[in-house]
Amino acid sequence: MKNLIIKVIIYIGLKNQDEFIRMLAKLEYGVSSALENLATDAEQNKYYNLANQLRQHAAEEYNHGKMLGTLVDGKRRI
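Residues numbered from 1 in each chain as written. Predicted model: local features only at pLDDT ≥ 70, side-chain atom pairs only at ≥ 80, totals over all residues. Heavy atoms only, no water.

> What am I meant to see in the environment of Glu19 here?
Secondary-structure assignment places Glu19 in helix α2 (residues 17-44). Assessed through its relative accessible area of 43%, Glu19 is described here as partly exposed. For the pair Glu19 and Asn49, spaced 30 residues apart in the sequence, the C-alpha separation amounts to 37 Å. (Helix = DSSP H or I, 4+ residues; strand = E, 2+ residues; numbered from the N terminus. Buried < 20%, exposed > 50% of the residue type's maximum accessible area, 1.4 Å probe, protein only.)

> Got a minute to help me understand the pattern of salt bridges in this structure?
Note on pairing: side chains with opposite charge can pair once their charged atoms come close. Scanning all chains against the criterion turns up three salt bridges. One salt bridge connects Glu36 with Arg55, and the closest N-O pair in it is separated by 3.5 Å. Of this pair, Glu36 sits in helix α2 while Arg55 is found in helix α3 (residues 48-73), placing the two residues 19 residues apart along the sequence. Under the relative-accessibility criterion, Glu36 is labelled partly exposed at 30%. Here Arg55 makes a salt bridge to Glu43, at a shortest N to O gap of 3.7 Å. In this pair, Arg55 sits in helix α3 while Glu43 sits in helix α2, placing the two residues 12 residues apart along the sequence. According to the relative accessible area criterion, Arg55 is partly exposed, its value standing at 28%. Assessed through its relative accessible area of 38%, Glu43 is described here as partly exposed. One continuous salt-bridge network, built from bridges that share partners, spans Glu36, Glu43 and Arg55. (Salt bridge = Lys/Arg side-chain N within 4 Å of Asp/Glu carboxyl O.)

> How should the side chain of Ser32 be read in this particular structure?
Here Ser32 lies in helix α2. Since its relative accessible area comes to 7%, Ser32 is described here as buried. Within the structure, the side chain of Ser32 is placed 3.0 Å from the backbone oxygen of Ala58, a separation counted as a polar contact. Residues within four places of Ser32 in sequence aside, it is in contact with Ala58, Glu61 and Tyr62. (Polar contact = N/O pair within 3.5 Å; in protein donor to acceptor, adjacent residues only side chain to side chain. Contact = heavy atoms within 4.5 Å.)

Such coordinate-based values are descriptive only and should not be taken to indicate function.
Structure representation (structure tokens):
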């Protein structure tokens with residue numbers, strides 16, 4: 001079942017590659033934003049180590065989104 005889902009996602013992605021990559025970039029940006037919110041909550045609850053890890057992860061996800069956006073749009077970034 002898992003392999004079938006992966007194949008369907010790849011098939012759909014290859015039909016309109018630019019839009020698929022843009023969607024992936026937007027997902028990465030969304031994950032980054034959610035992780036920033038979690039980091040803020042962790043910091044407010046005095047989980048400073050967790051907040052730091054979440055912020056680092058958020059920065060990585062933001063960079064992934066930026067990379068994907070650049071891949072498809074060049075200078076016309078999301």
